Amino acid sequence: MYKAGFIGCGNMGGTLAAVAARSVGGSAVLTADHNAPKLAALEKEWGCAVGTPAQVAAESRLIFLGVKPQVMDRACEEIRPVLMKRKDHFVVVSMAAGMSSAAVSTLLGDAPVIRIMPNTPAAVGEGVILYCKGLGVSADDEELFLSLMKPAGICAKLPEEKIDMGSALTGCGPAFVCLLVEAMTDAGVRCGLPHDLAQSFSLQTFAGTAKLALKTQRDPAQLRAAVCSPAGSTIEGVAALEALGARHAMMEAVQAAYRRTVELGKGK
Ligand SMILES: NC(=O)c1ccc[n+]([C@@H]2O[C@H](COP(=O)([O-])OP(=O)(O)OC[C@H]3O[C@@H](n4cnc5c(N)ncnc54)[C@H](OP(=O)(O)O)[C@@H]3O)[C@@H](O)[C@H]2O)c1
């Protein structure tokens, strides 16, 4: 029996398969995907085993579904008869944006489901995985899930009704942050810096500021005030950001992502 199996090993499923391999070793992780090259990379780098979706469904203690929400129905239909034949205890882990644990469970003949919302920084141990437990998930299942996902970064338990809200922030957030890094890089180039320097300075400034706030536990508003000397250059920049609605733009972005997540999950 494999500790974890993955059906769909693309951007997110592949990232979490590597996380699980880091936790329990690749030989305890079984992977399946339509695309052989995605599996070859996991096999070569982490020593993961390769199989079919049916094998993953039959031979894994935790079964991660890493397929897009639009094809979840089909993927679940494929493995449902296999799961229904199982006499031992297993748990399905769904990362499908917007789909409730109850909806996934119903598609799988009432299988126990942990619903998660991971993000891409999990690949370097700096991710956030939001999760909630559906019916039939035991404390032991939760413990196994948490130990498997430990190398991803932070795992945070939320009531299910908050998962879509958190997802707009942490699941979509890496795209918002990258867009801000791109904008800051262009700004540096506009001032006269070469692109590669501007990009590495922007990235380090984002990473360093986040680390400072996390390590000192100081409020970002305080950290910002500490950089703004009276009548200095930083407060001029902050005034420009406020005048152009940077704060409101971010609020709208997260709200729009939340709206779309809810919309995608409707009827699922
Ligand atoms: N990307 C992110 O940042 C992110 C963040 C949080 C959550 N998620 C969630 O993660 C899930 C996967 O997203 P993704 O971006 O990783 O998608 P992706 O890169 O397209 O990966 C999905 C993979 O699953 C394969 N697949 C589809 N149906 C399959 C089946 N029945 N059996 C075996 N393999 C199958 C796909 O192959 P084909 O394309 O050839 O069918 C593809 O290689 C989604 O539910 C999404 O909501 C993603």
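The structure displayed is predicted, hence computed values, not measured ones.

Undergrad: Can you tell me about the overall build of the chain, naming the residues and giving the values?
TA: When you go through the chain residue by residue, the secondary structure sums to 12 helices and eight strands. Taken over the C-alpha atoms alone, the chain extends approximately 70 × 40 × 30 Å along its principal axes. Here the chain holds 268 residues, and the buried ones make up 39% of them. Contacts in the chain between residues far apart in sequence, at least 24 positions, make up 63% of those at least 6 positions apart. Across the chain, 26 positive and 25 negative side-chain charges occur, with their mean positions spaced 1 Å apart.

Undergrad: Please set out the nonpolar core residue by residue, giving values where relevant.
TA: Membership of the largest hydrophobic core comes to 30 residues, with the highest contact counts inside it found for Phe 6, Leu 16, Phe 64, Ile 114, Ile 116, Phe 145 and Met 149. At the level of secondary structure, the elements contributing two or more residues to this core comprise β1 (2-7), α1 (11-24), α2 (36-46), β4 (60-65), β5 (91-94), β6 (113-117), β7 (127-133) and α6 (139-149). Looking at this core element by element, the count peaks at seven residues for α1. The residues contacting Ile 114, other than those within four sequence positions of it, are Val 91, Val 92, Val 93, Ser 94, Tyr 131, Cys 132, Val 137, Asp 141 and Phe 145. Ranked by size, the runner-up nonpolar core spans 22 residues in total, among them Ile 79, Val 92, Ala 96 and Val 113.

Undergrad: Quick rundown of the pattern of salt bridges? Include the residues and the values.
TA: A side chain with one charge can pair with a side chain of the opposite charge if their charged atoms come near. Under the counting rule described, the total for this entry stands at eight salt bridges. A salt bridge links Asp 141 to Arg 61; its shortest N-O distance comes to 2.9 Å. Of this pair, Asp 141 sits in helix α6 while Arg 61 sits in strand β4, and the two are 80 residues apart along the sequence. On the accessibility criterion, Arg 61 (22% relative accessible area) is partly exposed. With a closest N to O distance of 3.0 Å, Arg 115 and Glu 160 form a salt bridge. Of this pair, Arg 115 sits in strand β6 while Glu 160 is found in the loop between β8 (153-157) and α7 (163-170), placing the two residues 45 residues apart along the sequence. The exposure class assigned to Arg 115 is buried, which follows from its relative accessible area of 4%. With relative accessibility at 23%, the residue Glu 160 sits in the partly exposed group. Within the structure, one salt-bridge network assembled from shared partners comprises Arg 115, Glu 160 and Asp 164.

Undergrad: Before we move on, can you summarise the site of the ligand with the specific residues and values?
TA: Neighbouring residues of the ligand: 22 residues in total, closest Met 12, Asp 33, His 34, Lys 38 and Val 67. Within the backbone of Asn 11, an N or O atom sits 3.0 Å from an oxygen atom of the ligand. Here an oxygen atom of the ligand sits 2.7 Å away from a polar atom, N or O, in the main chain of Met 12. Alone, the ligand offers 900 Å² of accessible surface; in the complex the protein occludes 79% of this.

Undergrad: Describe the environment of Arg 22, and please don't skip the residues or the numbers.
TA: Within the secondary structure, Arg 22 is located in helix α1. A distance of 3.4 Å separates a polar atom in the side chain of Arg 22 from the backbone oxygen of Pro 151.

Undergrad: Got a sec to walk through the packing of aromatic side chains? Specific residues and values, please.
TA: As enumerated under the stated definition, the model contains two aromatic pairs in all. Taken together, a centroid distance of 4.4 Å and an interplanar angle of 15 degrees make the contact between Phe 6 and Phe 64 stacked. Remark: Phe 64 occurs in strand β4 and Phe 6 occurs in strand β1; sequence separation between them is 58 residues. According to the relative accessible area criterion, Phe 64 is buried, its value standing at 0%.

Undergrad: Which residues make up the domain arrangement of the chain, and what values do they have?
TA: Interface size is commonly expressed as the accessible area that is lost once the parts come together. If you check the domain split of the chain, you get domain 1 (2-159) and domain 2 (173-265). Each of domain 1 and domain 2 has a C-alpha centre, and these two points are 33 Å apart.

Undergrad: Before we move on, can you summarise a nonpolar patch on the surface with the specific residues and values?
TA: Together, Leu 179, Leu 180 and Met 250 make up an exposed nonpolar region whose accessible area comes to about 250 Å². Assignment of secondary structure puts Leu 180 in helix α8 (residues 173-191).

What counts and how
Residues numbered from 1 in each chain as written. Predicted model: local features only at pLDDT ≥ 70, side-chain atom pairs only at ≥ 80, totals over all residues. Heavy atoms only, no water. Helix = DSSP H or I, 4+ residues; strand = E, 2+ residues; numbered from the N terminus. Buried < 20%, exposed > 50% of the residue type's maximum accessible area, 1.4 Å probe, protein only. Contact = heavy atoms within 4.5 Å. Lys, Arg positive; Asp, Glu negative; His and termini not counted. Charge placed at Lys NZ, Arg CZ, Asp CG, Glu CD. Core = buried A, V, L, I, M, F, W, Y, C linked by side-chain atoms within 4.5 Å. Salt bridge = Lys/Arg side-chain N within 4 Å of Asp/Glu carboxyl O. Near = heavy atom within 4 Å. Polar contact = N/O pair within 3.5 Å; in protein donor to acceptor, adjacent residues only side chain to side chain. Areas by Shrake-Rupley, 256 points an atom, 1.4 Å probe, with all protein chains shown as cover. Phe/Tyr/Trp six-rings, centres within 6.5 Å; stacked < 30°, edge-to-face > 60°. Domains from an automatic or database assignment. Patch = residues over 30% accessible without salt bridge, like charges linked within 9 Å, V, L, I, M, F, W, Y side chains within 5 Å.

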